[in-house]
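These are the residues of each chain, in order.
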Amino acid sequence: MTATYDLYDPDGYVAGPPHDEFTRLRSEQPVVWQDMPGEPGYWAVLRHADVVKVAREPVLFSAATGGVVLEDLPPESLAMMQDMLLAMDPPRHLSYRRNVSPEFTPKVMARLGTRIRQICSEILDDASDRTLDFVHDVCAKLPSQVVGELMGIPREDWPRIHHWSEMNSGGQDPDIAAGYAADAAMSATVEMAMYAIELAGKRRAEPAEDLTTLVLSMEVDGEAMTDVQFGSFFVQIVTAGNDTTRTMLSSGLLALLQHPDQLAALRADPSLIPGAVEEILRWANPLHYFRRTATADTELGGQAIATGDKVAMIYTSANRDETVFLRPQEFDIHRDPNPHLSFGTGEHFCLGIHLARLEGRVFFEELLARFPTIELAGEPRRQRSNLNNALKELPVRLATT
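Numbers given for residues are sequential positions, taken from 1 along each chain in its written order. Selection of residues for local features in this predicted model requires a pLDDT of at least 70, selection of side-chain atom pairs for listing and counting requires 80 or more, and totals for whole chains, interfaces and linings are taken over all residues. Derived side-chain values reflect all non-hydrogen atoms in the structure, with water molecules and hydrogen atoms excluded from consideration.

## Description of the overall build of the protein
Formally: For the purposes of this entry, the term helix denotes a DSSP run of H or I that reaches at least four residues, the term strand denotes a run of E that reaches at least two, and both are numbered from the N terminus. Our radius of gyration is a C-alpha quantity, and the globule rule it is checked against amounts to 2.2 Å times the number of residues to the power 0.38. Only protein chains enter the area calculation, which uses a 1.4 Å probe; residues under 20% of their type maximum are buried, those over 50% are exposed, and those in between are partly exposed. Contacts are assigned to residue pairs that have any heavy atoms within 4.5 Å of one another.
Broken down by element type, the protein carries 17 helices and 14 strands. Compactness check: the protein gives a C-alpha radius of gyration of 21 Å against a globular reference of 21 Å for 401 residues, within 12% of the reference. Its C-alpha atoms give the protein principal-axis dimensions of about 60 × 55 × 40 Å. Taking all 401 residues of the protein together, the buried fraction comes to 57%. Within the protein, residue pairs in contact and separated by at least 24 positions form 71% of the contacts whose partners lie at least 6 positions apart.

## Brief notes about the packing of helix α15 (residues 273-283) against helix α17 (residues 353-370)
Our working definition: Note on method: axes are straight lines fitted to C-alpha atoms, helices fitted across the in-contact stretch only, with angles between N-to-C directions ranging 0 to 180 degrees. The cut-offs work like this: below 35 degrees is roughly parallel, past 145 is roughly antiparallel, 65 to 115 is roughly perpendicular, and the gaps in between are oblique. Crossing handedness is read from the near helix: turned anticlockwise from the far helix by less than a right angle, it gives a left-handed crossing, and turned clockwise, a right-handed one. Each residue is assigned to one of three groups, with Ala, Val, Leu, Ile, Met, Phe, Trp, Tyr, Cys and Pro labelled nonpolar, Asp, Glu, Lys and Arg labelled charged, and all others, Gly among them, labelled polar.
Look at α15 against α17: their axes get within 9 Å of each other, and the N-to-C directions meet at 120°. Classified by the interaxial angle, the pair formed by α15 and α17 is oblique. α17 is crossed by α15, and the crossing has right-handed handedness. Of the residues in α17, those touching α15 at I273, P274, V277, E278 and I280 are R357, G360, R361, F364 and E365. In terms of residue class, the contact of α15 with α17 is built from five nonpolar, one polar and four charged.

## Some words on the sheet that holds strand β3 (residues 61-62)
Counted only if it meets this: The criterion for strand pairing is that DSSP finds at least two bridges linking the strands in question.
Pairing is mixed across the open sheet formed by five strands, whose spatial order is β1-β2-β10-β7-β3. Of all strands in the sheet, those bounded by a partner on one side alone are β1 (31-36) and β3. Examined bridge by bridge, strand β2 (residues 39-45) and strand β10 (residues 310-314) share four bridges and lie parallel to one another. Looking at β10, one finds that Y42 is bridged to K310.

## Quick notes on the nonpolar core
Keep this limit in mind: To form a nonpolar core, buried Ala, Val, Leu, Ile, Met, Phe, Trp, Tyr and Cys residues must be joined to one another through side-chain atoms within 4.5 Å.
Counting residues in each nonpolar core, the largest one holds 105 residues, and the members touching the most others are F134, F234, F363 and L367. Tallying contributions element by element places helix α13 (residues 227-258) first for this core, with 13 residues. Excluding anything up to four places from it in sequence, F363 contacts C120, F134, V138, C139, L142 and L249. Grouped together as the second largest cluster of nonpolar side chains are 17 residues, V31, V52, L300 and L341 included.

## Some details on the packing of aromatic side chains
Any pair of aromatic rings gets described here by the distance separating the centres and the angle formed by the planes. Under the convention used in this document: Pairs were defined over the aromatic rings of Phe, Tyr and Trp, the Trp ring being its six-membered one, requiring ring centres within 6.5 Å. Orientation was assigned from the angle between planes: stacked under 30 degrees, edge-to-face over 60, tilted for the rest. Counted as over-ring charges are cases with an Arg CZ or a Lys NZ within 6 Å of the ring centre that also lie within 35 degrees of the ring normal.
Under the defined criterion, the tally for this structure stands at ten aromatic pairs. On the basis of an interplanar angle of 85° and a centroid distance of 5.4 Å, the ring pair of F363 and F364 is categorised as edge-to-face. The same class applies to F363 and to F364, which are both buried. A network of ring pairs unites the aromatic residues W164, Y195, F230 and F234 as a single cluster. Taking NZ or CZ as reference, R320 lies 3.9 Å from the ring centre of W283, over its face.

## Some points on unusual backbone geometry
Residue P91 follows P90 across a cis peptide bond; omega there is 0°. Among the secondary structure elements, P91 is positioned in the loop between α3 (75-81) and α4 (92-100). Cis geometry marks the peptide bond from D336 to P337; its omega dihedral reads 5°. Within the fold, P337 resides in the loop between α16 (315-318) and α17. The phi torsion at D129 lies on the positive side, around 55°, for a residue other than glycine. Relative to the elements of secondary structure, D129 occurs in the loop between α6 (113-127) and β4 (130-133).

## Some thoughts on the sheet that holds strand β11 (residues 373-376)
Pairing in this open sheet of three strands is antiparallel, and the strands run β4-β14-β11 from one edge to the other. Both outer strands of the open sheet, β4 and β11, are each paired with one neighbouring strand and no more. Averaged over all adjacent pairs, the angle separating strand axes in this sheet is 25°, with direction ignored. With four bridges connecting them, β11 and strand β14 (residues 395-399) associate as antiparallel partners. Opposite L376, over in β14, you have V396 as the bridge partner.

## Things to note about the environment of T400
By the element assignment, T400 lies in the segment after β14. The class for T400 is partly exposed, based on a relative accessible area of 35%. Sequence separation of T400 and I374 is 26 residues, and the distance between their C-alpha atoms is 9.0 Å. Filtering out sequence-adjacent residues up to four positions away, T400 remains in contact with S128, D129, R370, F371 and P372.

## Digging into α4
To keep things clear, this is the line we draw: Working note: the arc is built from the helix axis to C-beta atom directions.
For α4, the set of buried residues is H93, Y96, R97 and V100. Buried residues of α4, seen end-on, are gathered within an arc of 95° and therefore sit on one face of the element. Those residues of α4 that are buried are in contact with α12 (211-216), β5 (219-220) and α13.

Interpretation note: all reported values are geometric properties and have no functional meaning in isolation.
Below you can see the structure in the form of structure tokens.
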């Protein structure tokens, strides 16, 4: 039996993820080959258990060998990616992560709660009683400011950093990449890394109480971190912090507007918001996939995998696996347990999980308490991307009466 749907084609995600195809393939071909134009294709891994297996065997399924996106990158671009935490293999990944993870514990992140609430309040003050694009006029501003303050990025540079971040993940969408270089994502990555190298020079000369100064004091492979290595780290932290949070917040509001009974339940009982954030992450996970590369011949879900084959962990499918989730195609803020894979699992479990959950909880607490009226003011538009499961426009009206 062969697949008939092109899971690689970014156009196939503009109307929404192909959940019907994912459901069919989980039953018929849970590890299914997909062709790619101009280069070798990949195995799409669609079941929850198989995605977990790939994630928890980081030596057999390498993040560093070919990077974490489906496209084979040129050597210089792959080298830059391999200096990012998300594309390191053990033991390097663990030693690198050990240095920075103490700054992302629940206790440390909890200290940011008051400041995050202040930022949310300022953003929503500006959004009151008008129609706007919720994605960029509201949601994008929170992670830009939080990450900007964490890293010690000057306020006047936040819009530029946000723009580069959006290019990094939105290069497949002509609206986002309009007027940019042919390879928008890589061009933006290089520009952001060059900015980070300049910032590193300033921090080495004048240390500050920020994450940039801390990271620059780390060692990598037993040596002091270089400016180039810091540039790669900066690109990952800033891009992940911006894009995934913006997507979580905007997709979350759309899900609630499409399920008014559950929106009403949250208004009546705000203690349900943490669980709602988890369901939002399952229902509309910000990233469709991450890639790995097999380092030896193996078997996965009954399918032979050869050394060097690309393997894509499709979170969008795994998060609706009917063998794991009851009524997986239903949005349910009461879902418990909710073992979604939107933060990954295993060695590469998301470093920023506690910050993301804190931002989501505080944001929705403030949004729902402030605006008794939240309604769609136009058609949502989705990003053209097989990587980012994101909205690029969500017209809404926010009213205090």
